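This is what each chain is made of:
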Amino acid sequence: MTLKEAYLYCCDYLKNADIDEADFKAMCVACSVAGVKNSSYLINKNREFDFSGIERLLERLKSREPLQYVLGKWDFLDGEFYVGKGVLIPRPETEELVQLAVSYIKNLGECIVYDLCAGSGCIGVSVARACPSAKIFLVEKSSDACYYLKKNAQGISNAEIICDDINNTDGLPKADVIISNPPYIKTDELFSLEQEVLQEPIMALDGGTDGFDFYRIINDKWACMLEKDGALFLEIGEAQGEEIKSVLSNFTDVRVIKDLYNNDRIVTARKNR
């Protein structure tokens, strides 16, 4: 079977199963099984490949399993990250958070950075790769997520994994920068999420009754973990821009930055002196 034939077969299968973005997902599955990048489809479309096993992947998509889990990895900035059941899927809006943090950290030279609620490590590992003079501590509670975190951080000498609750700061050094994309969805809004999203770990989505539980932990327990003039970079939900300012009472110069879609998405702040 050629790559083009496999792609068209996947398109028909997914459209008949009423899967959204069927064309895109078909391209991803066909190219993944063929072992080529999506961007190389045109130059490879008439090549023959072994597509055994493609039915199993299509069945997983039909059951509403996230595409990223089915493929087993996903692109984030300049890297590729292993993902699967039990870990939050890296998203494009988080790339903007990392890019902003990296531009700041590069100017610091040698420094200590924390990635809290690290998940797959897409934030902390990306920072570690871009800022080799920085020491990155990636803190994650979930053992399932830590499995992928360890795989993604393998070989990154300036990244250290801490499989622990962010409530525990015992024995950790003070940092110059803290970055986090914590759970921020309100508990009573979880039921309204898409079926694919609900297959991601609830503990990585549920931010408590008002969505701010983890931001309070960061404010209460981690402000004191920053050095003088230490910086905070957070991802937030698009409706949290105003209230986050009062939640971060132990920080100053709290600023809300919009993403490419003009939604409130990133918060930067400084430690109160």
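Everything below is about the structure printed above this text.
Heads up: these notes are all about the structure in this document. Predicted model, so just to flag it, every value in this text is computed and none were measured.

What counts and what doesn't
Residues numbered from 1 in each chain as written. Predicted model: local features only at pLDDT ≥ 70, side-chain atom pairs only at ≥ 80, totals over all residues. Heavy atoms only, no water. Helix = DSSP H or I, 4+ residues; strand = E, 2+ residues; numbered from the N terminus. Rg over C-alpha atoms; globule rule 2.2 N^0.38 Å. Buried < 20%, exposed > 50% of the residue type's maximum accessible area, 1.4 Å probe, protein only. Contact = heavy atoms within 4.5 Å. Areas by Shrake-Rupley, 256 points an atom, 1.4 Å probe, with all protein chains shown as cover. Pairing = 2+ DSSP bridges. 1 Å grid on protein atoms, 1.4 Å probe; cavity = no way out; pocket = protein on both sides within 12 Å on 5 of 7 lines; lining within 4 Å. Points joined across faces, edges and corners; volume = space filled by probe spheres on them. Nonpolar A, V, L, I, M, F, W, Y, C, P; charged D, E, K, R; others polar. Polar contact = N/O pair within 3.5 Å; in protein donor to acceptor, adjacent residues only side chain to side chain. Axes fitted to C-alpha atoms, helices over the stretch in contact; angles between N-to-C directions.

Helix and strand content of the protein: 10 helices and nine strands. Taken against the 2.2 N^0.38 rule, which gives 19 Å for 273 residues, the C-alpha radius of gyration of the protein at 20 Å falls within 12% of a compact globule. Structurally, the protein occupies a C-alpha span of about 65 × 40 × 35 Å along its principal axes. Counting all 273 residues of the protein, 52% fall into the buried class. Sequence-distant contacts in the protein: of pairs separated by 6 or more residues, those separated by 24 or more amount to 63%. Here the protein displays about 13300 Å² of accessible surface, and carbon together with sulfur accounts for 47% of that area.

This part is about the pairing of strand 1 (residues 73-76). For a regular strand, the rule is simple: side chains alternate between the two faces of the sheet. The alternating pattern of strand 1 places Trp74 and Phe76 on a buried face, while none of Lys73 and Asp75, on the opposite face, is buried. Relative to strand 2 (residues 79-82), strand 1 runs antiparallel, the two being bridged by four bridges. What sits directly across from Asp75, in strand 2, is Glu80. Counted between consecutive antiparallel strands, the loop separating strand 1 from strand 2 contains two residues, among which Leu77 sits at a positive phi close to 50°.

On to the environment of Arg216, then. Take Arg216: it is sitting in helix 9 (residues 213-222). For Arg216, a relative accessible area of 32% gives the class partly exposed. Residues Arg216 and Val247, 31 residues apart in the sequence, show an inter-C-alpha distance of 6.4 Å. Not counting chain neighbours up to four residues away, the residues in contact with Arg216 comprise Asp210 and Val247.

A few words on the layout of surface pockets. Here the largest pocket defines a volume of roughly 1200 Å³. Arg91, Glu93, Leu193, Val197 and Glu200 are the residues nearest the centre of the largest pocket, which is lined by 39 residues in total. Elements that contribute at least two residues to the lining of the largest pocket include exactly helix 2 (22-34), helix 5 (67-71) and helix 6 (92-105). Among the elements that make up the lining of the largest pocket, the one with the highest residue count is helix 6 (three residues). A class-by-class count of the residues in the lining of the largest pocket yields 18 nonpolar, six polar and 15 charged.

A few words now on the side chain of Lys271. With respect to the element layout, Lys271 can be found in strand 9 (residues 264-271). A polar contact is formed between the side chain of Lys271 and the backbone oxygen of Leu226, at a distance of 2.6 Å. Ignoring any residue separated from it by four or fewer positions in sequence, one finds Lys271 in contact with Lys174, Ala223, Cys224, Leu226, Glu227, Gly230, Asn250, Phe251 and Thr252.

One open sheet accounts for seven strands, arranged 5-4-3-6-7-9-8; its pairing is mixed. Where the open sheet ends on each side, the last strands, each with one partner, are strand 5 (159-163) and strand 8 (251-258). Put simply, the sheet's adjacent strands are angled 15° from each other on average, direction ignored. In this sheet, strand 9 lies alongside strand 8 in antiparallel orientation, the contact comprising six bridges. Each bridged residue has a counterpart across the sheet, and for Val256 the counterpart in strand 9 is Val267. Across the sheet, helix 6 touches strand 3 (111-116), strand 4 (134-140), strand 6 (175-180), strand 7 (226-235), strand 8 and strand 9, and the angle it forms with strand 7 is around 160°.

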